[in-house]
Amino acid sequence: MKKVYIETHGCQMNVHDSEKALFALSDIGYEAVADPVEADLILLNTCMVREKPEQKVFKRIDTLKHEQIRAQGKRSVFGVMGCVAQAEAERIFDRSRDVSIVLGTQSISKLPQMVQQIEQGFSRSIDVTLTKDADFFEISATARQTNQIAYVSIIEGCNKFCSYCIVPFTRGRERSRPVGNILAEIQGLAENGYKEVHLLGQNVNSYGLSGRYRGNLPTTFNTSQSDQVTFARLLELVAHNCGVPRVKYMTSYPRDFDQEIIRVMDAEEKLCEWVHLPAQSGSDRILKRMRRGYTFQAYMDKISFIRAAEKDYSITGDLIVGFPGETEEDFLETMRLVAEVEYDGLFIFQYSARPNTAAMAYEDTVPEKVKTERLMKLIELQNRIQQRRYARYLEKTVEVLIEGVSAKSNDEFTGHTRCHKTVNFPKGESRLGDLVQVKINRAGKNSLHGQIL
Ligand code: SAH
Ligand code: SF4
Ligand code: F3S
């Protein structure tokens, strides 16, 4: 067997693409290795949502190359895939002479062919085609992250063009995957013992709303519904037709997140109590400049119906600080939003200008120092909130899927609750992949600790 080492940066979509790439390469005799020194082929799956991850790519190639030379290991073929590959295309060859393969986000099925070209002596191979109807969903991914949790793509690409965001340029237009294929994949995963699936998409709530495929129902699945499949219907179909005990999804786009989704989630046991709903800002003026399509109040209305639901949902989000033109007043609106929502988890990013995006034209940039101060203030506020949110679980019993051995102690397992919180607990008689009831006895601000009942 030839050996491939693949390193993944960025979001879950990239993680899943790496799984697909490994599967595609297994067809031409490649197996995955954990040590780059041994690899015949090194692939970097890249992210460019902010500047830092983008800059890392070329440094990382250099480091890996020198590690190989030092260890007198193999001289690998280097390939760059993912969002930087898509956006930078041929320019990658100019920036690093070590790269032989550039693979765009919709080209994974071409990877084996491209690798073979290099093996036959070609010096470079590139494919960065973006089409409206790329049917690349149907590449299997046999090697998953863990044996318990599997990612399943349901929609790819983005049509929203938020003014700061590179994703529509690197992932192309929105395409919803045919519902029958999604259900079949999840059924297969259930038969193979998977306990949890994460339905993935840049905007899962836009499922079936746009793109070539309109989400009509296949006749093979037992359902009385004959209307077009929206995201809420899809969740219901997954819950009714597939044997996987726990279903999570991300990311939700606030404008398209409707009450019907919560109604379905309340009604279906398998749909877990977690919603990732990024607000990005609390200021109406900034939200408008970001082209997000909602106001502070419209966002809070969504939060209200989630809080009023039957199940106790955990809400997480993303925020950007220092967007061009963000004043102290705008920032205070974001602080107010965070205080009112009471998130269970929050990713906060400093704005980073991205090529081709509309916000590149805005000149009123916020100084780095101010961005950092705002970031720190938000982190401090969120830490206090999170401490409180986690303390709610003390003495309560939660269901945990056992995913691995705890990083802190070999005698403990780690896993996630249905509301997606990390829990550590003594192993006892339990085994990896079990769904266990754990009584919480300690609460930090990022994880819980407990005892199996
Ligand atoms: N589709 C999701 C977001 C995907 S990108 C949504 O609409 O909410 C993941 C996160 O990266 C975003 O939520 C945003 O907070 C952050 N992000 C995107 N572009 C950014 C930029 N130019 N600067 C800083 N953060 C950015
Ligand atoms: Fe980016 Fe906006 Fe699309 Fe999210 S919805 S991926 S932030 S353009
Ligand atoms: Fe990054 Fe591309 Fe995901 S830019 S966040 S890897 S869609």
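Not measured: the values here are computed from a predicted model.

Novice: Which parts of the structure should I look at to understand the overall build of the chain?
Specialist: For the chain, the count of helices and strands is 13 helices and 19 strands. The principal-axis extent of the C-alpha atoms belonging to the chain is close to 65 × 55 × 50 Å. Looking at the chain as a whole, 57% of its 453 residues qualify as buried. The contacts of the chain with a sequence gap of at least 6 include a subset with a gap of at least 24, amounting to 72%. Approximately 19,700 Å² of the chain is accessible, and the part contributed by carbon and sulfur atoms is 49%. Each charge class in the chain was averaged separately, 60 positive and 60 negative side chains, and the resulting centres sit 2 Å apart.

Novice: How should the sheet that holds strand 3 (residues 41-46) be read in this particular structure?
Specialist: Either a parallel or an antiparallel arrangement is found when strands of a sheet pair, and the pairing is made through backbone hydrogen bonds. Taken in spatial order, the 6 strands line up as 2-1-3-4-5-6 in an open sheet, and their pairing is parallel. A strand with exactly one partner marks an edge of an open sheet, and here the two such strands are strand 2 (30-32) and strand 6 (125-127). On average, adjacent strands in this sheet sit at an angle of 25° to one another, irrespective of strand direction. By the bridge criterion, 5 bridges tie strand 1 (residues 2-8) to strand 3 in an arrangement that is parallel. Across the sheet, E7 pairs through a bridge with L44, a residue of strand 3.

Novice: Teacher, can you tell me more about helix 2 (residues 51-70) here?
Specialist: The α-helix advances 3.6 residues per turn, and as a result positions three or four apart in sequence lie on the same side. The terminal C-alpha atoms of helix 2, which comprises 20 residues, lie 30 Å apart, in line with the 28 Å expected from a rise of 1.5 Å per residue. A bend of about 30° at V57 is the largest found in helix 2. Listed as buried for helix 2 are P53, E54, V57, F58, I61, L64, K65 and Q68. Buried positions along helix 2 lie against strand 1, strand 3, strand 4 (77-82), helix 3 (83-88), helix 4 (91-95) and strand 5 (99-103).

Novice: Can you walk me through the layout of surface pockets in this structure?
Specialist: Using a probe with the size of a water molecule, rolled over the atoms, empty space left in the structure can be pinpointed. Each pocket or cavity is described by its volume, and for the second largest pocket that value is around 320 Å³. Elements with a contribution of two residues or more to the lining of the second largest pocket: helix 2, strand 14 (345-350) and helix 13 (368-391). The dominant element in the lining of the second largest pocket, judged by the number of residues it contributes, is helix 2, at 3 residues. Partitioning the lining of the second largest pocket into residue classes produces 5 nonpolar, 4 polar and 5 charged.

Novice: Explain the site of ligand 3 here, please?
Specialist: In the vicinity of ligand 3, the residues found are C11, N14, C47, M48, V49, C83, R171 and Q202. By residue class, the composition of the shell around ligand 3 is 5 nonpolar, 2 polar and 1 charged.

Novice: Just checking my understanding: could you explain the pairing of strand 4 for this structure?
Specialist: Taken residue by residue, a regular strand's side chains alternate between the two faces of the sheet. With respect to burial, strand 4 is a largely interior element, 5 of its 6 residues being buried. Strand direction decides the pairing type here: strand 3 and strand 4, joined by 6 bridges, are parallel. Each bridged residue has a counterpart across the sheet, and for L44 the counterpart in strand 4 is V80. Traced from strand 3 through helix 2 to strand 4, the parallel crossover comes out right-handed.

Novice: Sorry if this is basic, but what is going on with the nonpolar core here?
Specialist: Nonpolar side chains in soluble globular proteins tend to end up buried together. Residues Y249 and Y299 are the most contacted members of the largest nonpolar core, which totals 60 residues. With 7 residues, the top contributor of residues to this core is helix 8 (residues 231-241). Filtering out sequence-adjacent residues up to four positions away, Y249 remains in contact with L199, V204, F231, L235, F257, I261, M265, W274 and V275.

Novice: Teacher, can you tell me more about the packing of aromatic side chains here?
Specialist: Aromatic ring pairs are defined here through the distance separating the ring centres and the angle between the ring planes. Evaluated as defined, the whole model comprises 8 aromatic pairs. For the ring pair F231 and Y249, a centre distance of 4.8 Å and an interplane angle of 75° mean the geometry is edge-to-face. Taken together, the residues span a long stretch of sequence, with F231 in helix 8 and Y249 in strand 11 (residues 246-250) at a distance of 18 residues. Across this residue pair, the class does not change: F231 and Y249 are buried. Ring pairing ties together the aromatic residues Y164, F323, Y351 and Y362, which thus form one cluster. Between K427 and the ring centre of F413, over which it is positioned, the NZ or CZ distance is 5.3 Å.

Novice: How should I be thinking about helix 13 in this particular structure?
Specialist: Along its 24 residues, helix 13 runs 34 Å from first to last C-alpha, staying within 8% of the 34 Å computed at 1.5 Å per residue. Turning to helix 13, its buried residues number three or more, namely K371, R374, L375, L378, L381, Q382, I385, Q386, R389 and Y390. In this structure, the buried residues of helix 13 make contact with helix 11 (296-307), strand 13 (314-321), helix 12 (328-341), strand 14, strand 18 (435-443) and strand 19 (447-452).

Novice: Quick question: what am I supposed to make of empty space enclosed by the protein here?
Specialist: Per the stated rule, a full pass over the model turns up 3 cavities of 30 Å³ or more. Estimates place the volume of the largest cavity at around 50 Å³. Lining the largest cavity are 10 residues, and of these M13, H16, D17, S153 and E156 lie nearest its centre. Here the lining of the largest cavity is built from residues that sort into 4 nonpolar, 3 polar and 3 charged. Of the pockets and cavities examined, the second largest cavity occupies roughly 40 Å³. Mapped by element, the contributors of at least two residues to the lining of the second largest cavity are strand 3 and helix 2. If you tally residues by element for the lining of the second largest cavity, the top one is helix 2, at 4 residues. Taken together, the residues of the lining of the second largest cavity sort by class into 4 nonpolar, 2 polar and 2 charged.

Novice: Just checking my understanding: could you explain the packing of helix 8 against helix 9 (residues 259-267) for this structure?
Specialist: Each pair of packed helices can be summarised by the angle the axes make with each other and by the distance between the axes. It is the contact of helix 8 with helix 9, at a shortest axis distance of 8 Å, that shows an interaxial angle of 10°. One element, helix 8, and the other, helix 9, form an angle in the roughly parallel class. Where helix 8 crosses over helix 9, the two elements pack in a sense that is right-handed. Contacts between helix 8 and helix 9 involve F231, A232, R233, L235 and E236 on the former and, on the latter, E260, I261, R263, V264 and M265. Split into classes, the residues belonging to the contact of helix 8 with helix 9 amount to 6 nonpolar, no polar and 4 charged.

Quick notes on the rules
Residues numbered from 1 in each chain as written. Chains lettered and ligands numbered in written order. Predicted model: local features only at pLDDT ≥ 70, side-chain atom pairs only at ≥ 80, totals over all residues. Heavy atoms only, no water. Helix = DSSP H or I, 4+ residues; strand = E, 2+ residues; numbered from the N terminus. Buried < 20%, exposed > 50% of the residue type's maximum accessible area, 1.4 Å probe, protein only. Contact = heavy atoms within 4.5 Å. Areas by Shrake-Rupley, 256 points an atom, 1.4 Å probe, with all protein chains shown as cover. Lys, Arg positive; Asp, Glu negative; His and termini not counted. Charge placed at Lys NZ, Arg CZ, Asp CG, Glu CD. Pairing = 2+ DSSP bridges. Axes fitted to C-alpha atoms, helices over the stretch in contact; angles between N-to-C directions. Expected span 1.5 Å × (residues − 1). Bend = angle between axes of the 7 residues up to and from the residue. 1 Å grid on protein atoms, 1.4 Å probe; cavity = no way out; pocket = protein on both sides within 12 Å on 5 of 7 lines; lining within 4 Å. Points joined across faces, edges and corners; volume = space filled by probe spheres on them. Nonpolar A, V, L, I, M, F, W, Y, C, P; charged D, E, K, R; others polar. Near = heavy atom within 4 Å. Right-handed = clockwise from strand over helix to strand, strands pointing away. Core = buried A, V, L, I, M, F, W, Y, C linked by side-chain atoms within 4.5 Å. Phe/Tyr/Trp six-rings, centres within 6.5 Å; stacked < 30°, edge-to-face > 60°. Lys NZ or Arg CZ within 6 Å of the ring centre and 35° of its normal. Parallel < 35°, antiparallel > 145°, perpendicular 65-115°, else oblique. Left-handed = near helix turned anticlockwise from the far one by under 90°.

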